[in-house]
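Chain by chain, the residues:
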Amino acid sequence: MREGPWEEIAQFGKKIVSSGLTSSIFGNISILREGRIFITATGSMLDELDSSTVIDVDLKQPCEDDKMASIETCVHRAIYLGTGNTAIIHTHSPYAVALSMLEAETIEPVDSEGVLLLGEMPIIKGRLGTDMLARTASLALKSHKACIARGHGVFAAGKSLRDAYTAACMAEHSSQVRYLVRCYPEGRPRGLDQD
């Protein structure tokens, strides 16, 4: 039997907090089902979600329930409308956020898994919950699995929450490896093809 939307979201809320991708009160999660967005409520603790903390909002336009939903609802809506994705995880992952303030336009993974499975992550502009962030995230996620809002956090998307979670994990892992390599006194990473 298929889980209900809030149960699936709650499962991944626990996963992203326990894996250190974000703290309990930062970030948001949504899925698209039958033309409706199910998204975490504003201020909800992602590792303690229940049916009252997942809000059902309209896909096509803002609605009255947007007031209870995450401030990033407009961003999730734009991503769904502008891409083929049906699940989104937004985290405040520390290494990804740090690199978004150190790198210019993109974060290029230097680890083999990041290169192979994730690819570059655009650094996007826009304050949280704004139309600008919604536009830049939607545009970035048309051709990338994850993007990072400068100084804010990762938006990872996919066809399922498992896909979005995998991309969010990879984004933080690749960011951490790149950050640590940058800290090395020599200053430049050895390429993956330079054995």
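Summary of the structure given here. Just so you know, these numbers come straight off a predicted model, no measurement behind them.

Reading guide: rules and limits
Residues numbered from 1 in each chain as written. Predicted model: local features only at pLDDT ≥ 70, side-chain atom pairs only at ≥ 80, totals over all residues. Heavy atoms only, no water. Helix = DSSP H or I, 4+ residues; strand = E, 2+ residues; numbered from the N terminus. Rg over C-alpha atoms; globule rule 2.2 N^0.38 Å. Buried < 20%, exposed > 50% of the residue type's maximum accessible area, 1.4 Å probe, protein only. Contact = heavy atoms within 4.5 Å. Areas by Shrake-Rupley, 256 points an atom, 1.4 Å probe, with all protein chains shown as cover. Lys, Arg positive; Asp, Glu negative; His and termini not counted. Charge placed at Lys NZ, Arg CZ, Asp CG, Glu CD. Polar contact = N/O pair within 3.5 Å; in protein donor to acceptor, adjacent residues only side chain to side chain. Pairing = 2+ DSSP bridges. Axes fitted to C-alpha atoms, helices over the stretch in contact; angles between N-to-C directions. Parallel < 35°, antiparallel > 145°, perpendicular 65-115°, else oblique. Left-handed = near helix turned anticlockwise from the far one by under 90°. Nonpolar A, V, L, I, M, F, W, Y, C, P; charged D, E, K, R; others polar.

What to know about the overall build of the protein
From N to C terminus, the protein includes 6 helices and 8 strands. Ordered by position from N to C terminus, the α and β elements of the protein give α-β-β-β-α-β-α-β-α-β-α-β-β-α. Taking 2.2 N^0.38 as the reference for a compact globule, 195 residues should give roughly 16 Å; the C-alpha atoms of the protein span a radius of gyration of 16 Å, in line with that estimate. Taken along the three principal axes of its C-alpha coordinates, the protein extends 55 × 30 × 25 Å. Evaluated residue by residue, the protein yields a buried proportion of 47% over its 195 residues. Counting contacts in the protein only where the partners sit at least 6 residues apart, residues at least 24 apart contribute 61% of the total. Accessible surface for the protein amounts to roughly 10,000 Å². Of this, 53% is attributable to carbon and sulfur atoms. In the protein, 20 side chains carry a positive charge and 25 a negative one; their mean positions are 4 Å apart.

Describing the environment of Lys145
Residue placement: Lys145 occurs in the loop between helix 5 (131-140) and strand 7 (146-149). Since its relative accessible area comes to 43%, Lys145 is described here as partly exposed. Here the alpha-carbon distance between Lys145 and Thr166, two residues 21 residues apart in the chain, equals 9.5 Å. Beyond its immediate chain neighbours, meaning those up to four positions away, Lys145 contacts Leu117, Leu118, Phe155, Ala156, Ala157 and Ala167. At 2.7 Å, the side chain of Lys145 forms a polar contact with the backbone oxygen of Leu117.

A few points about the sheet that holds strand 7
The sheet built from 8 strands is open, its strands ordered 3-2-1-4-8-7-6-5 with mixed pairing. In this open sheet, the two strands that pair with only one neighbour each are strand 3 (54-58) and strand 5 (106-107). Here 5 bridges tie strand 2 (residues 36-40) to strand 3, and the two strands are oriented antiparallel to one another. Following the sheet pairing, Arg36 is matched in strand 3 by Asp58. Of the strands in this sheet, strand 1 (28-33), strand 2, strand 3 and strand 4 (87-91) are in contact with helix 1 (residues 5-18), which crosses strand 1 at around 150°. In this fold helix 2 (residues 73-82) packs onto strand 1, strand 2, strand 3, strand 4 and strand 8 (153-158), with an angle of close to 40° to the strand it touches most, strand 1.

Describing helix 2
What sets the pattern is the α-helix's 3.6 residues per turn: residues three or four places apart point alike. Considered for burial, the residues of helix 2 that qualify are Thr73, Val75, His76, Arg77, Ile79 and Tyr80. Its buried side turned inward, helix 2 meets strand 1, strand 2, strand 3, strand 4, helix 5 and strand 8.

Focus on the packing of helix 1 against helix 6 (residues 161-183)
In contact at an axis separation of 11 Å, helix 1 and helix 6 are set at 15° when each is read in the N-to-C sense. Viewed along their axes, helix 1 and helix 6 adopt a mutual orientation that is roughly parallel. For the pair helix 1 and helix 6, the crossing hand works out as right-handed. Seen from helix 1, the contacting residues are Glu8, Ile9, Phe12, Lys15 and Ile16; seen from helix 6, they are Leu161, Arg162 and Tyr165. For the contact of helix 1 with helix 6, the class distribution of residues is 5 nonpolar, no polar and 3 charged.

Regarding unusual backbone geometry
Positive phi is not limited to glycine here, since Glu34 has a value of about 50°. Position of Glu34 relative to the elements: it lies in the loop between strand 1 and strand 2.

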